[in-house]
Amino acid sequence: MDDKGWRKVAREVSRAGVIASTIYILASFSLLFTRHVHEHAKTMLYSGLLLFPHSVAIAYVASGATGRSTKATGVAALLSIPALLAPLAALYDPFLTPSLLFLLGGLPLALASLIAAGQRGGSLRLSLVMTAVTYISTALTIASWLLRRGGLFSQYSLGLTMSYTIALIYSVTFHSLPATYKDKPVTLLGYVSVALTSISSLLVVWDLVGEGLPLLLLSMYTYIVGARLYRVPQYIAWVRSNIKRGTAAYRGMKYYLDGHIFVIATALLATAMIGYEVLKPGPCSVGCILLSLHVLALGFSWMHVAIHAPMMLPVIVGVRHAKRYNIWPYLLTILSLLLWPGAGLASLILILASFAAMILVFLRL
């Protein structure tokens, strides 16, 4: 098979993973309405926090691959097909089986990403190396948990969210944001950011949650500085000066940049909410773990999904873009985060509204 064929394989598996994980995510949310909380937790971890970003990562690595790295990405995509069943497998075995299904395609994708990095330069090379490190550190987190043999599922979920979901977000943004505006990231801070997520996740799975969470929060700020999020106002000024207002290009760029302002706000909010729990006397409780997990998943991670999904999903799924750009996905996400856990039902309704608003940005009706 030639490079074009392998790219098609990666694209088709990525599309299948995105569609499947979206269905799983909606099913997982519906489980909350029927009070199947544990089933919700299992399906959401392996669909929303692992399968969905992994499916997007396949397309991302494929877009940066050339030559032999294209074939390696295609092979990794094929090996990722069993991961489509991971959320279902988690209902019967929440740890070993779905984790191994994820790693079956994840570790080969790490290798493909490293090969592609060797063929590239600049911020794209940094991004691809960070992506590979993300998968390797996630494998270490899983191995550490299995060696430990026991503990809360929410604790395992928190560790994987740190080592994989958040680290993958860093990996993509360190390239995508500054490169879009002809800027450069701080390379050292890219490696520091993924190192902090890796160390924090290992601390969490080894019952040092209170020690791991501050490192994770610190990584948000090395990310904000290293990926140049703090320069977003300058990027907005450039867009206003160089792109005609009212055009789809202007509205799309403004949507993208506004999202990163909301990311900074979410990082500050996460620091306040998680920091308050960590500073309480004694070890981090179950409530602390659950709050941290939801702040990172519903807040920080979901905000990045709201930024990138309307840009990437039409290309991955193969639909024409409606280009209805607005800030409602961001506002609803912030409101949902503020209401959790005090008003759980209202928070759930708002995050579903955020999901709908995000889809309406690009879906033609």
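So, here is what we can say about the structure in this document. Keep in mind it's a predicted model, so treat the numbers as computed, not measured.

**Describing the pattern of salt bridges**
Between side chains of opposite charge, pairing is possible as soon as their charged atoms come close. Under the criterion given, the structure shown has 5 salt bridges. Among the salt bridges present, the one from Arg15 reaches Glu12, with a minimum N-O distance of 2.7 Å. Of this pair, Arg15 and Glu12 both sit in helix α1 (residues 3-33), 3 residues apart, which is roughly one turn of the helix. In this structure, Asp183 engages Arg231 in a salt bridge whose closest nitrogen and oxygen atoms are separated by 2.8 Å. One end of the pair, Asp183, is in the loop between α7 (153-180) and α8 (187-205); the other, Arg231, is in the loop between α9 (209-226) and α10 (232-242), with 48 residues separating them in the sequence.

**Describing the packing of aromatic side chains**
Applying the stated criterion across every chain, the model contains 18 aromatic pairs. Seen from their ring centres, Phe95 and Tyr156 are 5.3 Å apart, and the 70° between their planes marks the pair as edge-to-face. A residue pair is termed long-range when its members are at least 10 positions apart, and Phe95 in the loop between α4 (86-89) and α5 (96-118) and Tyr156 in helix α7 qualify at 61 residues. By relative accessible area, which is 22% here, Phe95 ends up partly exposed. Residues Phe262 and Tyr330 carry aromatic rings whose centres are separated by 5.3 Å and whose planes lie at 35° to one another, so their mutual orientation is tilted. Of this pair, Phe262 sits in helix α11 (residues 248-278) while Tyr330 is found in helix α13 (residues 328-339), placing the two residues 68 residues apart along the sequence. The rings of Phe95, Trp145, Phe153 and Tyr156 are connected pair by pair, giving a single aromatic cluster.

**Re the layout of surface pockets**
Looking at the second largest pocket, its volume works out to about 510 Å³. Taken together, 22 residues make up the lining of the second largest pocket; nearest its centre are Tyr60, Ser63, Met311, Met312 and Val315. Tallied by class, residues from the lining of the second largest pocket come to 14 nonpolar, 6 polar and 2 charged.

Conventions and cut-offs
All residue numbers here refer to positions counted from 1 along the written sequence of the relevant chain. Per-residue local features of the predicted model are confined to residues with pLDDT of at least 70, and side-chain atom pairs are confined, for both listing and counting, to 80 or more; whole-chain, interface and lining totals are unaffected and use all residues. Excluding hydrogens and water, the side-chain figures rest on all heavy atoms present in the structure. Any Lys or Arg side-chain nitrogen found within 4 Å of a carboxyl oxygen on Asp or Glu counts as a salt bridge. Here a helix means four or more residues in a row that DSSP labels H or I, a strand means two or more in a row labelled E, and each is numbered from the N terminus. Pairing of aromatic rings covers Phe, Tyr and Trp, the last counted by its six-membered ring, and requires centre-to-centre distances within 6.5 Å; plane angles under 30 degrees mean stacked, over 60 mean edge-to-face, and any other angle means tilted. Each residue's exposure class comes from its accessible area (1.4 Å probe, protein chains only) as a fraction of the maximum for that residue type: buried when under 20%, exposed when over 50%, partly exposed otherwise. Lining residues are defined by having an atom within 4 Å of a point belonging to a cavity or pocket. Those points lie on a 1 Å grid over the protein atoms alone, cavities being sets where a 1.4 Å probe fits but cannot get out and pockets being open sets with protein on both sides within 12 Å along at least five of seven lines. Grid points are joined across faces, edges and corners, and a volume is the space filled by probe spheres set on the points. Residue type decides the class: Asp, Glu, Lys and Arg count as charged, Ala, Val, Leu, Ile, Met, Phe, Trp, Tyr, Cys and Pro as nonpolar, and the leftover types, Gly among them, as polar.

None of the figures reported here should be taken as evidence of function without further support.
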